[in-house]
Amino acid sequence: MNEQLTEGERTVLRGLAEMGKRVQSSVLAEQLEQNEERVVSILNSLAQRNLVKLDIIEIVSYSLTEEGKKYAEKGLPEKRLFDAVIKLSGKASMDEAVTKAGLEPQEKGIAISWSRKNGWLGIKKVDKKTVLEAKREKVDAELEELLEKIRSNEDIPKSLSKIVKVAEDRKLIKSSITRKFEAEIVSEKKKEISELLEETIDGIADLTAEILKSDKWKEQDFKPFNVEIDPPYIHYGRKHPYAEFNDWLREILIGLGFTEWFGPYVETEFWNNDVLFVPQDHVAREEQDQFRVHKPHTHGDIIDQKHYKKVKKVHEDGGDTGSIGWEAPFSKEVTTRLCLRSHTTPVSLRYLSEHRESPQKMFIIERNFRSETLSARHAQEFNQCEGIIMDKGLTLRDLMGYIREICTRVGIKKMKFKPGQFPFTEPSIEGFAKHEKLGWIEVAPGGVFRPEVTYPLGIKDSVLAWGIGSGRLYMAAMGIDDIRELYSRDLSWIRRKYFIT
Amino acid sequence: MIVECRLDSLLELIGKDITLEKLEETLFLLKAEIEKVDGNDIEIEVNPDRQDMLSAEGIARAVRAFLGLSSGLPKMPVRKSGKEIIVGKGLEKIRPYIACSIIRGAKINEELVKEYMHLQESLTATHGRNRKKASIGLYVYKDIKFPIHYRLENPDDIEFIPLGYEEIMDGPTIIKEHEKGQIFGPIISKFRKWPLLIDSADAILSLPPIINSNNLGRITGDTSDIFVEVTGTHVPTVLQALNIMTASIAERGGKIQSVTIKYPDGGIWETPDLTPSIRAVNCTQVKDLLGLDLKPTHIIKALKRMCYGAKSEGKGKIEVSVPAFRTDILHNVDIIEDIAIGYGFDNIEPTMPETMTTGKLLPITRLKDKIRDLMIGVGYQEIISFIMSSPEIMNNRMNRDRELVETANPKSREYSILRNSLLPVLLDFTSQNQHADYPQQIFEVGDIVVPDQKAETRCRQIPALCGLTSDTTVNVTDMINEVGFILRNLGLEEEFEFRRKEDSSFITGRCAEIIVKNKTRGILGEISPEVLKAFKIGMPVVSFELDLPRDCQW
C-alpha cells in the first residue's frame, strides 16, 4: 500500500494528532472547519490503514412531543390542579379548583386521573358537589424536572432514569438513536504518523509553468492523489458497435483483394430480378415480399437497350445461352417497375455490366429491404455482405475455397456445405458454420452465376457469387437474439455495448 | 416449402429401415432439411426448385436412389385408356389448357388422401402460382361417365354441391361464400362465362380453379382408381404439374393410363407424357463448372443416384434422360449441379484459386470513415438507424413538406417511406432517450433518398452526415465551431461559409445554411420549440446536417 497521505488525509490526521485525545468526529470537523461527512469518510480510510482507531457509538437522545412541550412550559396538569387545591386551603370544589388551576377541558381528565393515581388528591361527594381534598402538603414533580432538562438540552441525571419510561408511556417525550464517531490516534503508530506528517509538509498540487520554470519542484515533493478509484461511466464519442463490425468485415475483404462497389436502394425490377433470371411471376416478386415504390413515380428507365433485349430473350426462350428460358412472354411494364432492392445481388450485376473483363473481385456491405413486419426475428431492413469473383476457369470447388477462406477470417473454425438453391446461380451452395451455442448455423450462401445471367453481358468466364450472413454473425458474436437490437434506439445500451474482434 | 409426413410411412416407401440421423444426413446432401420431429410426425423443408419432392413419395424416391436402393430413371409405363376430354370454345382467353391422367389400382388409405391434398395445395401454390397458372383436381374414376367436357358456362347456370358441403350452390354463391371461392374467385370472376368440367351424365366434376364437386371430387381411403386433371394458362406448367401428381400417386403401386384431349382447333394431346427429355453432357463441361475431373462412369453413377437415366456415348459424351417430373432442368448447368449432388457435396474438396486482384474501398466510404473519426474526436456517439421511416417523422413533426419516396405495400405506416433527411431520424432518436444521461451528442453517417424525375430509378441517393447535441443549455456557436472543425479537416479551408437562413424547423436568427464552394450543402441551427414539442423532446437541441458528394468532389 502507498504509505503516502493524500491532502485530505493529512489535514484530518494532523488535526486529530494536535487535539491529542479521543474526540468526536463532529468536534474534529468543527475544529478543522470541514464537513463532518467528509471527515468521517477520511477517518474511515485512515482506520483501514490502522493509523486511527475509529469507534461508532450509538447514542439515545430524547426530545419533547407537542404535549410534552406544552407541559414543560405551563407545568403538568396534575401538579397545577394540586397547587390550586392547596391554595384554596387544601379543600375545594372541583369547578373552583379547575378554574383556579386554569386547566383546559382536555387537561381536566388527565389532571384528575394522575393526581389520584399519584395519591396527591382525594375526591369526595359533599351535598351533591364533587370536592377535592389534598392528601399531602407538598409534592415532588420529578416528571416536570425531566421535561425541563430535555427542553434545555441538559444531560439527564441518573436519578431521573426511572421517570423516563413514564414520560415515554405518556407520550410526552420520544427517543431517537444517533450514531457518533469517536476517533483517536493509534498510540503505537504515533511515531509513524509524525513521520508521515513531516514527510511532505508543502507538497505540489498542480504542476504549473511557473514551478517548472523556477525549478521549485526540485525542492518539494508532489502531493499524492488517490489513484485507486473506481472510475465512473463517462460517455465520450465512439463508433457504433455494429458499424465497427462492418468496418472489420470491409478490412478483411480488402485484404482478400475485393473492391467495394455501390448500388441504389431504389431499383428497377430489371436489376433487382430480371437480369438475375428470376421469372417475372416468381412469388418473391409479389407484393407480400418485395416493397414496390408508388410515389412519386412507379416506373424507371432501362439504360442499356442491348442488355435489355438479351435479358428479355433469355427469359422468353433462353436466347443463345443453351437454356430453354421460362417459356413465357416478358413484360416491359414489370421490368421497369420500381422497387426497394430485396438483396445486394443487383449491385454485383451493375458492377459486372461495367467490368466485363476478367479478373474481377467485388464486394458490398449494405442495406436491403423486404416487406416484413418488425419482430424479434424479422426486420424490414437487413444488411448483406456479398461479393463476386470472376476469372477464367473458376469452379464450384474454388467457390467453396473462397467461402471457407472468408469464413475462417471472420473466426469460423468449422464449416460444411450443402447444395442450395437460388434462381441466379447453378450450382448453388449453402455454407453452415459450427457455432458454440447455436450449433450449425447457415452463414454463407453462394453459387456460380447461371449462363442466363452472365451471357447477356457477353461474359463467358465463370462468376462465383457468395454472401455472408453478417447480421447473423454479429448477433452470434454479441450474444444478441433480437434483430431489432442491431438498430437499437436505446442510447444507454449503445453507450455501453462494444465490439471487439 | 414444408412437407409433413409420417416417419414410418416414409421409411416404408424408402424400403430400408435407416436411422433418423442417416435420413437427416442424406436429406442435407439432397438440399432438404428435417425441420421438426414429433414422434412419428416429421416435417421436411424442401427447396422450391424440387417440386417433385413435395410429397413423401417424391422424397422417398430421391432418398432411395441416393442411397443406391434403386437407381436411374424410375420406370413409369403409360397405357392408353381411350378416354376422352372434349374442350369447348372460348376458353382461349380464360383458362385454355387441360391435361389429365388416370391411375388404376393404387393402394391408398385415409392418411394418403390427406398427403395428396397437401401435395396438391403445395404444387398449385408455388408451381401453379396460387392456381393462376395451374390448378389440380382429383376424382373418383369409376363414378365418371366419359367423355368429359371442359367448357364455358354462365355462372348462374353452374349448380352443384361443393366438396365438403351438403347443399347445392350456384357459381356466384360459391365465389361469394365458399372459402376457396373467396380466395381464388378473382382468377375467373372477371369473365362473363366460367370454365366448367362436366361429364357425359351432366354430373359436374369441378369449377376450376376453385373447387371440386362433392359427388365426383371426394377421394376416400377406399378409392383405388383416380382421375387427375390439371387446368391452367401455361402449357409447361400444366404438363409438369400433372406429371408430378401422377408420378407421386403411381409410387403407391398404381398403373398409369393416358387420356386424349381434343381441342376445338383440332389439336390433340395424349397426357400424361412421361417420356424423359434427352440432353447431352460431356466431361469437359462438368470439369469446367465443378472443378472435378470425373470419368464418364463416375458421372453416370452420380446421375443415377439422382434418378436420371444416363449412358456413355463415347469421347466423354454422356446422354442424359431427364425424368418427366423434374421441372427445374432448363440448362445443362442444372444437370451438372445434380452430378455434384450425386457425387456428394461431402466428397468435394475446396480449392483456392490464384485470381490476382487488388482491393480497395469506395472513395465515399473513405470520406464517410474520415468524417466518423472527426465526429468521434469532437465527442459524438455514432448511431445507426433504419432507412425507412414515416411521413409523420419526416414532415409533420419537422414542420416540413418535402417530397418523399413512398412504398405501395408497407406492413406498417411507421416504416413506409425512405428517409429524405437524417435530422428527423436523429430527433426521433433523441425523443426516445429522454431518460439517458446528458449531455447527449449523437451522429449518423448514412444515405438519404430524394425524388428526381430525371434519374434512372427516379430518385437520387445522397450520402449525408447529421450531428445533434442536446443538453440543459445548448449553444449554436459551439455547433458552428464544430462544423467548422469538420469542414476544415475535409480540406475545405476558405471554401465554406455559413449564411443566415430562415427555416421552419429552426429558431429564427439561430439558423444558417452551410455553403461549400458556393453550393448549399447543409443546414445548422437551434431546433425550434415547436418541433421539439412535436417530438416530445424536453431539452434544447442544436443540430446540423450536411450532404456529401458521392464522387467526393465538393
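Rules of the game
Residues numbered from 1 in each chain as written. Chains lettered and ligands numbered in written order. Predicted model: local features only at pLDDT ≥ 70, side-chain atom pairs only at ≥ 80, totals over all residues. Heavy atoms only, no water. Axes fitted to C-alpha atoms, helices over the stretch in contact; angles between N-to-C directions. Helix = DSSP H or I, 4+ residues; strand = E, 2+ residues; numbered from the N terminus. Parallel < 35°, antiparallel > 145°, perpendicular 65-115°, else oblique. Contact = heavy atoms within 4.5 Å. Nonpolar A, V, L, I, M, F, W, Y, C, P; charged D, E, K, R; others polar. Pairing = 2+ DSSP bridges. Domains from an automatic or database assignment. Core = buried A, V, L, I, M, F, W, Y, C linked by side-chain atoms within 4.5 Å. Buried < 20%, exposed > 50% of the residue type's maximum accessible area, 1.4 Å probe, protein only. Expected span 1.5 Å × (residues − 1). Buried area = accessible area lost by both parts, 1.4 Å probe. Salt bridge = Lys/Arg side-chain N within 4 Å of Asp/Glu carboxyl O. Polar contact = N/O pair within 3.5 Å; in protein donor to acceptor, adjacent residues only side chain to side chain. Phe/Tyr/Trp six-rings, centres within 6.5 Å; stacked < 30°, edge-to-face > 60°. Lys NZ or Arg CZ within 6 Å of the ring centre and 35° of its normal.

Asks: Can you help me understand the packing of helix 1 (residues 7-19) of chain A against helix 2 (residues 25-32) of chain A in this one?
Replies: The relative placement of two packed helices is expressed as an angle between their axes plus a distance between the axes. Residues and elements named next belong to chain A. The contact between helix 1 and helix 2 brings their axes to 10 Å, and the two run at 105 degrees. It follows that helix 1 is roughly perpendicular to helix 2 by the angle criterion. Contact with helix 1, carried on its side by Thr11, Val12, Gly15, Leu16 and Met19, involves Val27, Leu28, Gln31 and Leu32 of helix 2 and no other residues of that element. A per-class count over the contact of helix 1 with helix 2 returns six nonpolar, three polar and no charged.

Asks: Help me out: how do you make sense of the sheet that holds strand 27 (residues 519-527) of chain B in this one?
Replies: Strand pairing in a sheet relies on backbone hydrogen bonds, with the paired strands running either antiparallel or parallel. Residues and elements named next belong to chain B. The mixed open sheet is built from seven strands, whose spatial order is 19-23-24-28-27-26-25. Only two strands of the sheet have a single partner each, and these edge strands are strand 19 (381-382) and strand 25 (496-500). Where strand 19 and strand 23 (residues 440-451) come together, two bridges link them in parallel fashion. Of the residues in strand 23, the one forming a bridge with glutamate 382 is phenylalanine 443.

Asks: Got a minute to help me understand the domain arrangement of chain A in this structure?
Replies: Where interface size is quoted, it is often the accessible area lost as the parts come together. Looking at the assigned domains, one finds that chain A contains domain 1 (7-60 + 179-218), domain 2 (66-174) and domain 3 (242-496). On a C-alpha basis, the centroid separation for the pair domain 1 of chain A and domain 3 of chain A is 70 Å.

Asks: Can you walk me through the sheet that holds strand 18 (residues 317-322) of chain B in this structure?
Replies: Residues and elements named next belong to chain B. Strand order in the open sheet formed by three strands is 16-18-17, and the pairing between neighbours is antiparallel. Edge positions in the open sheet fall to strand 16 (277-282) and strand 17 (309-314), since each of these has one partner strand only. Averaged over neighbouring strand pairs, the angle between their axes works out to 25 degrees when direction is ignored. The pairing of strand 16 with strand 18 spans six bridges and is classified as antiparallel.

Asks: Would you mind going over the nonpolar core with me for this structure?
Replies: For soluble globular proteins, the rule of thumb is that nonpolar side chains tend to be buried together. Counting residues in each nonpolar core, the largest one holds 173 residues, and the members touching the most others are A:Trp466, B:Leu23, B:Ile44, B:Ile339, B:Phe345 and B:Leu427. The element best represented in this core is helix 7 (residues 235-250) of chain B, accounting for eight residues. Look past the residues within four positions of B:Ile44 in its chain and what remains in contact with it is B:Met1, B:Ile2, B:Val3, B:Cys5, B:Leu10, B:Leu27, B:Ala32, B:Glu33, B:Ile34, B:Glu35 and B:Ile59. In terms of nonpolar packing, the next biggest core, distinct from the first, is built from 29 residues, B:Leu362, B:Met375, B:Met479 and B:Ile486 among them.

Asks: I keep staring at helix 17 (residues 396-409) of chain A and nothing clicks. Help me out?
Replies: An α-helical turn contains 3.6 residues, so any two residues separated by three or four positions project in the same direction. Residue and element names in this part refer to chain A. In a regular helix each residue adds 1.5 Å, so 14 residues correspond to 20 Å; helix 17 covers 20 Å between its end C-alpha atoms and thus fits that length. For helix 17, the set of buried residues is Leu396, Asp398, Leu399, Met400, Gly401, Tyr402, Ile403, Ile406 and Cys407. Looking one or two residues past helix 17, glycine 411 carries a phi angle of roughly 100 degrees, positive in sign.

Asks: I keep staring at the interface of chain A and chain B and nothing clicks. Help me out?
Replies: On the chain B side, the residues contacting the 105 residues of chain A number 93 residues. For the pair chain A and chain B, the summed buried area comes to about 8500 Å², and 57% of that belongs to carbon and sulfur atoms. When the area that chain A buries against chain B is broken down by residue, the three leading residues are A:Arg397, A:Pro419 and A:Arg489, summing to 10%. Scanning the region where chain A abuts chain B turns up nine salt bridges. In this structure, the salt-bridge partner of A:Lys418 is B:Glu33, at a minimum N-O distance of 3.1 Å. Here chain A is connected to chain B by 56 residue pairs in polar contact (both at pLDDT 80 or more).

Asks: Would you mind going over the packing of aromatic side chains with me for this structure?
Replies: For any pair of aromatic rings, the description consists of the separation of the ring centres together with the inter-plane angle of the planes. Enumeration over the complete set of coordinates arrives at 28 aromatic pairs over all chains. An angle of 40 degrees between the planes, with centres 4.7 Å apart, marks the rings of A:Tyr487 and B:Phe386 as tilted. Note that A:Tyr487 is positioned in the loop between helix 19 (470-478) and helix 20 (491-496) and B:Phe386 in the loop between strand 19 and strand 20 (388-389), a pairing that runs across two chains. With a centroid separation of 5.8 Å and 45 degrees between ring planes, the pair formed by B:Tyr141 and B:Phe146 is classed as tilted. Judged by relative accessible area, which is 10%, B:Tyr141 ranks as buried. By relative accessible area, B:Phe146 is classed as buried at 14%. Through a chain of ring-to-ring contacts, three or more aromatic side chains come together here, namely A:Tyr242, A:Phe245, A:Trp248, A:Tyr474, A:Tyr487, A:Phe499, B:Phe386 and B:Tyr415. Stacked on the ring of B:Phe325, the Lys or Arg B:Arg61 has its end atom at 3.9 Å from the ring centre. Stacked on the ring of A:Phe262, the Lys or Arg B:Arg550 has its end atom at 3.6 Å from the ring centre.

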